[in-house]
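# Structural description and commentary
If you want the building blocks of each chain, they are given just below.
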Amino acid sequence: MLTDPAATAGLVVREVRSAERDGVPTRVAVARRTYRTDRADLWDAVTSAERIPRWFLPVTGELREGGRYQLEGNAGGTVQECRAPESFAATWEFGEMVSWLTVTLTEADGGTVLELAHEAPVDPQMWTQFGPGAVGVGWDLGLMALGLHLESGAPVDPATGLAFPTTPEGAVFVGAAAAGWGDAAVADGDDEAQARAAARATAAFYTGTPEAG
């Protein structure tokens, strides 16, 4: 699936921010990647109900400001803001957990930068155990699949994508991505030893291999 999974993981710039929403402490996992396509094409890839399943998950609902959406077997929510072809914001609701997603597209030399920011209330136990990689690595996998789709124009096989983290190259990708989120957590002030341990736990969770990372 990837010739150099560690290098592919390195295409994402990761950042963690401490924030607050309605008086509740939050952490924001930010992922940025540059794609070699124009902003109109990238916008279509991340907002079209026909195209999103080619690299992510089938989606139903109304993909417009104020509309509700539902990803098959995953989160749903409300589109809070849509400024084509620059940015959109939506709630990310999974069970009783509500978090917030913002995607911004910026033109750059040779392509378009996608910035994805996922803000969630802090669960101290979950953060200590897994850190930002719990959500961040999932987005890394999605951004990887998006890149494969944009390069080929073809859909990414869902079964292949689902099994990827358990393959040897997938383990390398996930380990590198999780370590990157650990670095980002340290940069935001987390204890280094705790952040590294959380990154290893995240890699083990995604790959099913306790020794991963």
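Scroll up for the structure.
Everything in this summary refers to the structure shown in the same document. If you're wondering where the values come from, they're calculated on a predicted model, not measured in any experiment.

## Points about the overall build of the protein chain
When helices and strands are tallied, the protein chain shows 7 helices and 8 strands. Taking 213 residues into account, the globule formula puts the C-alpha radius of gyration at 17 Å, and the protein chain, at 16 Å, falls close to it. In the protein chain, once contacts between residues fewer than 6 apart in sequence are set aside, the share between residues at least 24 apart is 51%. As displayed, the protein chain has an accessible area near 10700 Å², and 53% of this comes from carbon and sulfur atoms. Each charge class in the protein chain was averaged separately, 15 positive and 30 negative side chains, and the resulting centres sit 3 Å apart.

## Notes on unusual backbone geometry
Residues Ala84 and Pro85 are joined by a peptide bond in cis, for which omega reads -5°. In this structure, Pro85 sits in the loop between strand E5 (76-83) and strand E6 (87-94). For Asp22, which is not glycine, the phi torsion reads 55° and is therefore positive. As for its placement among the helices and strands, Asp22 is situated in the loop between strand E1 (13-21) and strand E2 (24-35).

## Looking at the packing of aromatic side chains
As enumerated under the stated definition, the model contains 7 aromatic pairs in all. Judged by centre distance (6.0 Å) and plane angle (75°), the ring pair of Trp43 and Phe88 falls under edge-to-face. Taken together, the residues Trp43 in helix H2 (residues 39-47) and Phe88 in strand E6 connect sequence positions 45 residues apart. Accessibility classification places Trp43 together with Phe88 in one group, the buried group. In textbook terms, an aromatic cluster arises when at least three aromatic residues are bridged by ring pairs, as seen for Trp55, Phe56, Trp92 and Trp139. Over the face of the ring belonging to Trp100 we find Arg21, whose NZ or CZ atom lies 4.1 Å from the ring centre.

Definitions and limits used
The residue numbers shown here count from 1 along each chain, following its written sequence. The predicted origin of the model limits local features to residues at a pLDDT of at least 70 and limits the giving and counting of side-chain atom pairs to 80 or more, whereas totals for whole chains, interfaces and linings rest on all residues. Heavy atoms throughout the structure, all of them, feed into the side-chain values; hydrogens and water do not. A run of H or I in DSSP counts as a helix once it spans at least four residues, and a run of E counts as a strand once it spans at least two, with each numbered from the N terminus. Our radius of gyration looks at C-alpha atoms and nothing else; its globule reference is 2.2 Å times the residue count to the power 0.38. Only heavy atoms matter for contacts: two residues are in contact if any of them lie within 4.5 Å across the pair. In this description, accessible areas are obtained by the Shrake-Rupley approach with a 1.4 Å probe, and a residue is regarded as covered only by the protein chains that are shown. Only four residue types enter the charge count: Lys and Arg as positive, Asp and Glu as negative, with His and the chain ends excluded. Each charge is placed at NZ for Lys, CZ for Arg, CG for Asp and CD for Glu. Centres within 6.5 Å make a pair out of two Phe, Tyr or Trp rings, where for Trp the six-membered ring is used; the pair is then stacked when the planes are under 30 degrees apart, edge-to-face when over 60, and tilted otherwise. Only protein chains enter the calculation, and the probe is 1.4 Å; a residue is then buried if its accessible area is under 20% of its type maximum, exposed if over 50%, and partly exposed in between. Charge-over-ring placement is defined geometrically: NZ (Lys) or CZ (Arg) within 6 Å of the ring centre, and within 35 degrees of the ring normal.

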